[in-house]
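Working through the structure, step by step
So you can see what is in the structure, the chains are spelled out below.
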Amino acid sequence: MALEEQEPSYGALLRIPGFGRLALGTVLGRLAAQMWEIALVLFVLQRYRSPSVAGLAVFLGILPGLAFSPIAGSLLDRQGRVRLMIFDYSVTAALTAAIAVLSLLHRLPVPLLLATVTMLSLSNILSITGTRSLFPLMVPRHLWDRSNGIDTSTYSFTAIIGPAVAGLLIARLGPEAALIAMAAVVGAAALSLLGVREPIERAAPASSLIRDSWAGLVYVVRNSTLRGLAVAMFFTNLAVGPVVLGIPLLVLHRLHGGADTVGQIWAVFGLAGLVAGLVAGRVRTEGRERPLIAASVAIQVPALVVLGFTDQLGVVFAVAALIGVASAISLVAIFALRQRRTDPAWFGRAFAVSMSLNMLGQPVGSALSGPLFERSLALPFLFAAAISVVGAVVTMLVIPARERAPVA
């Protein structure tokens with residue numbers, strides 16, 4: 001039976017040469033990233049005791065990489081995704097370990113921390129985009145929904161383990177221990193990719209790197225679907241920024257919990273997303289992507305309002321589960337829409353730019369919410385809820401039901 005005629009299944013993915021190694025490297029890399037998300041915020045809050053510095057650290061941990069994404073996409077197409085992912089994982093391991101060591105030696109002033117976080121942001125975009133663009137290149141089209149389910153579920157799986165482990169290590173041994181553990185995990189991710197072959201030949205440079213990068217940006221702007229996703233996801237992810245800072249602050253200050261409790265809440269978020277991602281991966285999303293994205297964003301609005309006023313830990317866990325489910329469904333639909341409406345020859349450059357534009361709202365939201373949290377725990381969550389309403393409406397307005405015109 002021809003491959004195209006086979007019934008789609010998750011088992012078929014694992015029979016694709018190299019996919020298992022890529023999936024393992026992806027799991028390890030994302031596990032380290034999930035540890036980093038919670039460890040960075042708690043590290044800053046514990047060592048510098050400033051929500052504003054924490055918000056700025058999250059901002060610099062994301063935005064520079066987004067600005068670098070057009071060049072990163074061109075490098076991925078030219079130099080090969082696997083080798084650049086290995087490079088990123090190696091750099092991340094070294095810099096994360098350096099933060100931990102310098103902190104233990106009391107030689108990590110805020111400017112040096114922020115500079116190191118910025119360098120990590122520039123490097124990390126290579127593996128983030130490399131993984132996303134490798135999946136559809138390595139997997140035949142009839143298995144894309146299954147691979148998107150795996151992609152989303154591995155993200156959710158690591159979101160279960162990473163925050164729980166990081167929170168426990170921080171509570172018992174201090175934030176530096178979590179950073180050192182993260183460095184070991186991301187180093188293992190680099191090793192797991194050694195020997196994995198590229199699914200396609202690297203593109204021969206037809207022009208300069210800058211011109212190639214600019215072409216990727218132009219492609220995304222001219223593609224009505226990718227352009228619409230960028231606008232809609234800016235608002236959606238603008239609401240994510242306050243949540244990243246707000247849950248740790250809510251637990252530590254209003255609920256008088258510890259770092260381990262913060263990790264458990266994010267683990268529930270990941271567990272709910274894992275289940276939802278696997279289920280969503282079994283459903284044909286073609287033609288349904290926009291309503292799925294909009295509904296997933298709208299569902300989060302009342303949950304964010306509740307977070308602003310609750311003083312019950314159980315409610316926070318329940319809200320985390322709801323947001324985890326909604327986020328996973330939305331991600332599966334976004335991945336499918338991006339893949340179906342992008343020319344495979346542009347996967348590296350277009351995915352790098354598209355993903356970065358989609359994520360742009362999160363660092364902005366974190367930077368804006370840091371000073372707000374110093375005044376009120378409720379206000380930033382209400383801001384996030386209002387922005388989510390806008391995001392749901394904009395999703396249906398600016399993302400076309402079908403690609404309106406061919407792109408050059």
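The paragraphs below set out a description of the structure included in this document. (Residues numbered from 1 in each chain as written. Predicted model: local features only at pLDDT ≥ 70, side-chain atom pairs only at ≥ 80, totals over all residues. Heavy atoms only, no water.)

**Topic: a nonpolar patch on the surface**
Nonpolar side chains collect at one region of the surface, where F157, I161 and V165 lie side by side and expose about 210 Å² of accessible area between them. Examined against the element boundaries, I161 turns out to sit in helix α7 (residues 144-173). Using a relative accessible area of 33% as the deciding quantity, one classes I161 as partly exposed. (Patch = residues over 30% accessible without salt bridge, like charges linked within 9 Å, V, L, I, M, F, W, Y side chains within 5 Å. Areas by Shrake-Rupley, 256 points an atom, 1.4 Å probe, with all protein chains shown as cover. Salt bridge = Lys/Arg side-chain N within 4 Å of Asp/Glu carboxyl O. Helix = DSSP H or I, 4+ residues; strand = E, 2+ residues; numbered from the N terminus. Buried < 20%, exposed > 50% of the residue type's maximum accessible area, 1.4 Å probe, protein only.)

**Comments concerning the environment of I399**
One can find I399 in the segment after α17 (378-398). Of the residues examined, I399 reaches a relative accessible area of 1% and is grouped as buried.

**Topic: the packing of aromatic side chains**
Two measures describe an aromatic ring pair: the distance that separates the ring centres and the angle between the ring planes. This structure, assessed with the given rule, holds four aromatic pairs. Aromatic pair F43 and Y48: ring centres 6.1 Å apart, planes at 75°, arrangement edge-to-face. The class of F43 is buried, set by a relative accessible area of 1%. Both rings, one in W266 and one in F269, keep their centres 5.6 Å apart while their planes meet at 80°; by these two values the pair is edge-to-face. On the criterion of helical spacing, the pair formed by W266 and F269 is a turn pair, its members being three residues apart in helix α12 (residues 259-281). Assessed through its relative accessible area of 16%, W266 is described here as buried. On the basis of relative accessible area, F269 is assigned to the buried category, the value being 16%. (Phe/Tyr/Trp six-rings, centres within 6.5 Å; stacked < 30°, edge-to-face > 60°.)

**Quick notes on the packing of helix α2 (residues 19-47) against helix α6 (residues 110-138)**
Interaxial distance between α2 and α6 falls to 11 Å at its minimum, and their mutual angle equals 150°. One finds that α2 runs roughly antiparallel with respect to α6. By crossing handedness, the relation of α2 to α6 is classed as left-handed. For the pair α2 and α6, the contacting residues are F19, L22, T26, R30, W36, L40, F43 and V44 in the first and L113, V117, L120, T131, R132, L134, F135 and M138 in the second. Per-class residue counts for the contact of α2 with α6 are twelve nonpolar, two polar and two charged. (Axes fitted to C-alpha atoms, helices over the stretch in contact; angles between N-to-C directions. Parallel < 35°, antiparallel > 145°, perpendicular 65-115°, else oblique. Left-handed = near helix turned anticlockwise from the far one by under 90°. Contact = heavy atoms within 4.5 Å. Nonpolar A, V, L, I, M, F, W, Y, C, P; charged D, E, K, R; others polar.)

**Re the nonpolar core**
Ranked by internal contacts, the top residues of the largest apolar core, which has 87 residues, are F19, W36, V44, I99 and L193. For this core, the element with the highest residue contribution is α2, accounting for 16 residues. By size, the runner-up hydrophobic cluster in this structure holds 16 residues, among which are V220, L226, L337 and V394. (Core = buried A, V, L, I, M, F, W, Y, C linked by side-chain atoms within 4.5 Å.)

**Re the environment of E286**
Inspection of the secondary structure assignment puts E286 in the loop between α12 and α13 (289-309). By relative accessible area, E286 is classed as partly exposed at 42%. Sequence-wise, E286 and A333 are 47 residues apart; in three dimensions their C-alpha atoms are separated by 8.5 Å.

**Comments concerning the pattern of salt bridges**
Any two side chains of opposite charge can pair, given that their charged atoms come close. In the structure shown here, the tally under the stated rule is two salt bridges. Residue E176 is joined to R47 by a salt bridge in which the shortest nitrogen-to-oxygen separation is 2.9 Å. Taken together, the residues E176 in helix α8 (residues 175-193) and R47 in helix α2 connect sequence positions 129 residues apart. Residue E176 is classed as buried on the basis of its relative accessible area of 5%. Here R340 ties to E289 by a salt bridge, and the two come within 2.8 Å at their closest N and O atoms. Residue R340 is located in helix α14 (residues 313-340), and its partner E289 is located in helix α13; the two are separated by 51 residues in the primary sequence. Overall, E289 belongs to the buried group, its relative accessible area being 4%.

**Some details on helix α5 (residues 81-104)**
With 24 residues, α5 should cover 34 Å at 1.5 Å per step; its first-to-last C-alpha distance of 35 Å lies within 8% of that length. H106 lies just past α5 and shows a positive phi near 60°. (Expected span 1.5 Å × (residues − 1).)

**Overview of the side chain of N237**
Mapped onto the elements of the fold, N237 is located in helix α10 (residues 224-238). Residue classification places N237 among the buried positions, given a relative accessible area of 16%. With sequence-adjacent residues up to four places away left out, N237 is seen in contact with N358, M359, G361 and Q362.

**Some details on α6**
Counted at 1.5 Å a residue, the expected span for α6 with its 29 residues is 42 Å, and the 42 Å between its end C-alpha atoms agrees. Most pronounced at S123, the bend in α6 amounts to some 30°. The buried count for α6 comes to 22 of 29 residues, which makes it a mostly enclosed element. (Bend = angle between axes of the 7 residues up to and from the residue.)

**Some remarks on unusual backbone geometry**
We note that H106 has phi near 60°; this positive angle belongs to a residue other than glycine. Inspection of the secondary structure assignment puts H106 in the loop between α5 and α6. Positive phi outside glycine occurs at H256, with the angle close to 55°. In this structure, H256 sits in the loop between α11 (240-254) and α12. Under the relative-accessibility criterion, H256 is labelled exposed at 66%.

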